[in-house]
Amino acid sequence: MELGLEVLALLMAVAFVAGVIDAMAGGGGLLTIPALMAAGIPPVAAIATNKLQSSFGTASAVYAFARKGRIDFRRFRWPAVAAFIGSALGAWVLQRLDPTFLEGFIPVLLLLMVVYFLVAPKASEEDRHSRLGTASLIVIVAVIGFYDGFFGPGTGSFLTTVLVALFGMGLVSATAHTKLLNLASNVAALATLVIGGQVLWAVGLVMAVASVAGGQVGARLAMRVGGRMIRPLLVTMALLLIAKLLSDPDNPLTGFVLGR
């Protein structure tokens, strides 16, 4: 499908902001998926195209963190593999669901993500003792990876919270390693959805340029001030975009919410 220049410019702006948010706290998909769907892109194609643009932005953030020595690749190589496998399975399941079910399920997940960001506890900035071992980390990451392949928004924040709350990592360290795990899950989901012919390449690549720039900015901000400052902005923008979706009478989500 073809989109006008104004729509593409708006999607690029959203991708840049989402790239910043993803690098700092995760959850940029709360912005990009509703924006893509508000532009008239079907749900599965919106999720697939979002994976394309977010993969570039996440890779950019990983590079920025790795350059500063913030990522322990040896410790997280198997969790990254688990994220890849879980995400590939999630993306496979996504393409086999009834589209009507998916169109009704997406707004529920979006609202649950907003609730999560509102009630999740604040993370510490200091490393602490890990409560669980590597095997537990691999299993948990695989489950979150499945969710990322199936839907995605909030994956980064889920991973960061798990690494802080259960595995004793400081906020910035958890954010850096979240980007590595998220990159693995993004690449797996993207590959699966490309095979399924779901990706809108022109839209995704245009957004990817802005996402890379946002990822670099967000990673630098995260290393300087941490990711907690972004939560109020994320919740506010997500609610505004959900309202935008539901205000469009031609969008299938509107009929779901109004019971039509």
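## Let's talk about the confidence of the model for the chain
Right, on to step 1. Here the chain shows a mean pLDDT of 81. Residues at 70 or above account for 77%.
Right, on to step 2. Per-residue pLDDT, averaged within each element of the chain, yields its smallest value for helix 11 (residues 252-258) (49) and its largest for helix 4 (residues 77-94) (94).

## So, the environment of tryptophan 201
Right, on to step 1. As for its position among the elements, tryptophan 201 is in helix 9 (residues 201-225).
Right, on to step 2. By relative accessible area, which is 44% here, tryptophan 201 ends up partly exposed.
Right, on to step 3. With 152 residues separating them along the chain, tryptophan 201 and threonine 49 place their C-alpha atoms 7.1 Å apart.
Right, on to step 4. Among all residues touching tryptophan 201, those that are not within four sequence positions of it are Leu52 and Val194.

## Let's talk about the packing of helix 1 (residues 5-24) against helix 9
Right, on to step 1. One way to put it is that helix 1 packs onto helix 9 with a least axis distance of 6 Å and a crossing angle of 30°. In terms of orientation, helix 1 and helix 9 fall into the roughly parallel class. Handedness of the helix 1/helix 9 crossing: right-handed.
Right, on to step 2. In terms of residue class, the contact of helix 1 with helix 9 is made up of 18 nonpolar, five polar and no charged.

## Quick word on empty space enclosed by the protein
Right, on to step 1. By the definition in use, this model includes two cavities of 30 Å³ or more.
Right, on to step 2. Lining the largest cavity are 17 residues, and of these Asp22, Gly29, Asp148, Gly152 and Asn182 lie nearest its centre.
Right, on to step 3. Breaking the lining of the largest cavity down by element, the ones donating at least two residues are helix 2 (29-38), helix 3 (43-67), helix 7 (155-165) and helix 8 (171-195).
Right, on to step 4. At four residues, the largest contribution of residues to the lining of the largest cavity is made by helix 3.
Right, on to step 5. Here the lining of the largest cavity is built from residues that sort into one nonpolar, 13 polar and three charged.
Right, on to step 6. Quantified by volume, the second largest cavity comes out at close to 60 Å³.
Right, on to step 7. Ala18, Gly19, Asp22, Ala23, Gln53, Ser54, Gly57, Thr58, Ala61, Lys179, Ser211 and Gly215 are the residues that line the second largest cavity.
Right, on to step 8. Elements represented by at least two residues in the lining of the second largest cavity include exactly helix 1, helix 3 and helix 9.

About the thresholds
- Each chain has its residues counted from 1, following the order in which its sequence is written.
- In view of the model being predicted, local features appear only for residues whose pLDDT reaches at least 70, and side-chain atom pairs are presented and counted only at 80 or more, with totals across whole chains, interfaces and linings using the full set of residues.
- For side-chain calculations, the full set of non-hydrogen atoms in the structure is used, while hydrogens and water are omitted.
- How sure the predictor is of each residue is captured by pLDDT, a score from 0 to 100.
- A run of DSSP states H or I qualifies as a helix once it reaches four residues; a run of E qualifies as a strand once it reaches two. Both are numbered from the N-terminal end.
- Accessibility here uses a 1.4 Å probe with only protein chains present; expressed as a share of the type maximum, an area under 20% marks a residue as buried, one over 50% as exposed, and anything in between as partly exposed.
- Working rule for contacts: check all heavy atoms of both residues, and any pair within 4.5 Å makes them a contact.
- Note on geometry: axes are lines fitted to C-alpha atoms, helical ones only across the stretch in contact, with angles between N-to-C directions running from 0 to 180 degrees.
- For this classification, under 35 degrees means roughly parallel, over 145 means roughly antiparallel, 65 to 115 means roughly perpendicular, and everything else is oblique.
- By definition, turning the near helix anticlockwise from the far helix through less than a right angle yields a left-handed crossing, and turning it clockwise yields a right-handed one.
- Amino acids outside the nonpolar list (Ala, Val, Leu, Ile, Met, Phe, Trp, Tyr, Cys, Pro) and the charged list (Asp, Glu, Lys, Arg) are all regarded as polar, and Gly is one of them.
- Think of a 1 Å grid over the protein atoms and nothing else: a 1.4 Å probe that fits but is trapped marks a cavity, an open set flanked by protein within 12 Å on at least five of seven lines marks a pocket, and residues with an atom within 4 Å of a point count as lining.
- Grid points are joined across faces, edges and corners, and a volume is the space filled by probe spheres set on the points.

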